[in-house]
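# Overview (structure and organization)
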Amino acid sequence: MNRLDVLTLAVPDVDVARRFYLDGLGLEPLLDLPGEIVFLQLNHGLTVALWSADRLAQDVGVDPASVVPGQGFTLARNTASEGEVDALTARAEAAGAQVLRPPRRAAFGGYHSYVQDPSGVRWEIAHNPGLVVGADGTVHLQEIA
């Protein structure tokens with residue numbers, strides 16, 4: 001089993017998270033059960049679920065205090081242009097995100113920003129022309145000259 005199919009994000013408020021992901025990042029829900037859970041399809045079969053941290057803890061069978069929303073990882077979205085980084089960063093901020101790093105030239109040679117969604121999940125919004133996803137879902141990554 002060499003793949004990731006669903007990434008579940010523990011969020012404190014599903015409705016607040018929904019607003020950010022749908023209105024801020026422009027994602028479309030696969031399944032949206034208001035107040036309960038939202039499933040979003042990302043690239044080629046990868047699904048993200050936005051689920052209440054308390055309900056996730058209950059489902060996993062752990063203490064709710066051990067499921068801390070938004071810590072320990074960063075998700076990334078690659079755009080087709082620098083202008084899209086600027087626009088998406090502004091859109092995310094308008095939908096409740098905190099801009100942690102405004103758009104700027106990145107050390108890897110591209111252009112990026114970092115935002116934090118209302119539940120504390122960090123997102124990099126980037127233009128990395130060295131990252132290409134093929135029609136079959138294969139990711140190609142190369143250094144930017």
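The following refers to the structure shown. Just so it is clear, the structure is predicted and the values come from calculations on it, not from any experiment.

Time to look at the sheet that holds strand β6 (residues 98-105). On the basis of which strands lie adjacent, the open sheet formed by four strands has the order β5-β8-β7-β6 and mixed pairing. Where the open sheet ends on each side, the last strands, each with one partner, are β5 (74-78) and β6. Between one strand and the next, the sheet's axes are offset by a mean angle of 15°, whatever the strand orientation. In the sheet, β5 pairs with strand β8 (residues 122-127) via five bridges, with the strands oriented parallel.

Time to look at the environment of A107. Of note, A107 is situated in the loop between β6 and β7 (111-116). For the pair A107 and P129, spaced 22 residues apart in sequence, the C-alpha to C-alpha distance is 13 Å.

Another aspect to go through is the nonpolar core. One finds L9, F20, Y21, L25, L50 and W123 to be the most contacted residues of the largest nonpolar core, which totals 23 residues. Of all the elements in the fold, those that place two or more residues in this core are β1 (6-11), α1 (14-24), β3 (37-41), β4 (47-52), α3 (82-94), β7 and β8. Among the elements that line this core, the one with the most residues is α1, at five residues. If near-sequence neighbours (up to four positions away) are discounted, L25 is found in contact with F20, R77, L88, A92, W123 and I125. Ranked by size, the runner-up nonpolar core spans eight residues in total, among them I37, W51, A53 and V67.

Enumeration over the complete set of coordinates arrives at four salt bridges. For D32, the salt bridge is made with R18, and the minimal N-O distance between the two is 2.7 Å. Residue D32 is located in strand β2 (residues 29-33), and its partner R18 is located in helix α1; the two are separated by 14 residues in the primary sequence. One salt bridge in this structure joins E82 and R105, with 2.8 Å as the shortest N-O distance. Of this pair, E82 sits in helix α3 while R105 sits in strand β6; the two residues are 23 residues apart in sequence, bridging distant segments of the chain.

Calculation notes
The written sequence of each chain sets the order in which its residues are numbered from 1. With the structure being a predicted model, the display of local features is reserved for residues of pLDDT at least 70 and the display and counting of side-chain atom pairs for 80 or more, all residues being used for whole-chain, interface and lining totals. Hydrogens are left out, water is left out, and the side-chain values use all remaining heavy atoms of the structure. Any two strands with at least two DSSP bridges between them are considered paired. In this description a helix means any DSSP run of H or I spanning at least four residues, a strand means any run of E spanning at least two, and both kinds are numbered starting from the N terminus. Note on method: axes are straight lines fitted to C-alpha atoms, helices fitted across the in-contact stretch only, with angles between N-to-C directions ranging 0 to 180 degrees. Each nonpolar core is a collection of buried residues, namely Ala, Val, Leu, Ile, Met, Phe, Trp, Tyr and Cys, held together in the definition by side-chain atoms within 4.5 Å. Relative accessibility decides the category of a residue: with a 1.4 Å probe and only protein chains considered, values under 20% of the type maximum give buried, values over 50% give exposed, and everything between is partly exposed. Contact criterion: two residues are considered in contact whenever any of their non-hydrogen atoms come within 4.5 Å of each other. In what follows, salt bridge is the name for a side-chain nitrogen of Lys or Arg lying within 4 Å of a carboxyl oxygen of Asp or Glu.

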